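Breakdown of the fold
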Amino acid sequence: MVSKIELNERQETILQIVKNEGPITGEHIADKLSLTRATLRPDLAILTMAGYLDARPRVGYFYTGKTGSQLLTEKIKKIQVDDYKSIPVVVQENTSVYDAICTMFLEDVGTLFVVNKNTHLVGVLSRKDLLRASLGRQDLAEIPVNIIMTRMPNITVCSNDDLLIEVANKLIEKQIDALPVVKEEGEGLEVIGRITKTNITKVLVDLAKNEVI
Ligand code: ADP
């Protein structure tokens, strides 16, 4: 759902009335503005949904006392991995470095996840991992990726219901570009998504547009 938190003039006026006189019923607010209750309903709904106002049955509306930046922080802390994750690109552990490089170009991603024959996560390949392997004089078609990848258990992962802000923090702390989104499956982890710096950037852009899921 897309919600706008930028308030229009009438919503600002309502906010002031409730701030000064709340708790106040919708009926009373309408009277003060010489509008009908029905006309006000969408504005009150927006103000309540955005967290500026709270409504109690038979008491009316009251001001929550939260500032725009507090509400923004609350909003950010509600965004989960599942809301922004991308599709993961995986390769088998016996794939050659040569084929992994081709996959990275074809799929247009910067990180590949490596799985075993049970489709469980076993490794991660970054652009630099593949570049480093290419610096030697080995035949890249002969080297399997499991020789050069970063392997389990040293992989930083996240799950669908993790907070995106915590994942962003991990990307910075560990100085990596991407995390696999995983879920437990039997003895291992199944890769169900990917969070990259691009996904985090998208959150920033959406917040600036006041559009957050
Ligand atoms: P690049 O190496 O292309 O700059 P990264 O910064 O993502 O890309 O990767 C740095 C190193 O960290 C690489 O060796 C890579 O294998 C490893 N790496 C990348 N993502 C993860 C992850 N989620 N968990 C653990 N290691 C990772």
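As the structure is a computational prediction, the values presented were derived from the model and not from experiment.

About the thresholds
Residues numbered from 1 in each chain as written. Predicted model: local features only at pLDDT ≥ 70, side-chain atom pairs only at ≥ 80, totals over all residues. Heavy atoms only, no water. Near = heavy atom within 4 Å. Polar contact = N/O pair within 3.5 Å; in protein donor to acceptor, adjacent residues only side chain to side chain. Areas by Shrake-Rupley, 256 points an atom, 1.4 Å probe, with all protein chains shown as cover. Pairing = 2+ DSSP bridges. Helix = DSSP H or I, 4+ residues; strand = E, 2+ residues; numbered from the N terminus. Contact = heavy atoms within 4.5 Å. UniProt positions renumbered as here; feature names shortened; annotations may be inferred. Domains from an automatic or database assignment. Salt bridge = Lys/Arg side-chain N within 4 Å of Asp/Glu carboxyl O. Buried < 20%, exposed > 50% of the residue type's maximum accessible area, 1.4 Å probe, protein only.

1. As for the site of the ligand
- With respect to spatial proximity, 15 residues lie near the ligand, and among them S126, D129, T150, T156 and D177 are the closest.
- In the model, an oxygen atom of the ligand is placed 2.8 Å from a nitrogen or oxygen of the S126 side chain.
- Here an oxygen atom of the ligand and a backbone polar atom of K128 are 3.0 Å apart.
- If the ligand stood free it would expose 540 Å²; the protein chains cover 84% of that surface.

2. Re the pairing of strand β2 (residues 60-63)
- Here strand β1 (residues 53-56) runs beside β2; their pairing, made up of four bridges, is antiparallel. Its bridge partner being in β2, A55 is matched across the sheet by Y61.
- Turn length for the β1-β2 hairpin, with the two strands adjacent in sequence and antiparallel, is three residues, and the turn residue R58 shows positive phi of about 70°.

3. Quick word on the sheet that holds strand β3 (residues 90-92)
- Ordered by their spatial adjacency, four strands build an open sheet running β3-β4-β5-β6, and the pairing between neighbours is mixed. Looking at strand neighbours, the two that pair on one side only are β3 and β6 (150-151), the edges of this open sheet.
- Two strands pair when backbone bridges link them, and β3 and strand β4 (residues 111-115) are joined in this way by three bridges, in the parallel orientation. Residue pairing in the sheet places V91 in a bridge with V114 of β4.

4. Considerations on the side chain of S96
- Within the fold, S96 resides in the loop between β3 and α6 (97-107).
- S96 has contacts with L140, A141, I143, P144 and V145, leaving out every residue within four places of it along the chain.

5. Here we look at the environment of K117
- You can see K117 is positioned in the loop between β4 and β5 (121-126).
- Taking C-alpha positions, K117 is 7.1 Å from Q92, a pair spaced 25 residues apart along the chain.
- When near neighbours in sequence (up to four residues on either side) are disregarded, K117 contacts Q92 and E93.

6. Digging into the UniProt feature "domain: HTH deoR-type" (unreviewed entry) in the chain
- Using the residue numbers shown here, the UniProt feature "domain: HTH deoR-type" (unreviewed entry) corresponds to residues 7-71.
- Between the C-alpha atoms that bound residues 7-71 the distance is 13 Å, and the span itself is 58% helix and 12% strand.

7. A short note on the domain arrangement of the chain
- Splitting the chain by domain gives domain 1 (2-73) and domain 2 (81-206).
- Summarising the inter-unit geometry, the C-alpha centres of domain 1 and domain 2 are found 45 Å apart.

8. Here's the deal with the pattern of salt bridges
- The full count for this structure, using the stated rule, is nine salt bridges.
- A salt bridge links D82 to K85; the shortest N-O distance between them is 3.0 Å.
- A relative accessible area of 26% means that K85 is categorised as partly exposed.
- Ionic pairing is found between E190 and K183, a salt bridge with its closest N-O pair at 3.9 Å.
- Looking at E190, the relative accessible area reads 23%, which means it is partly exposed.
- Salt bridges here are not isolated pairs; linked through shared partners, they connect R127, D177 and K197.

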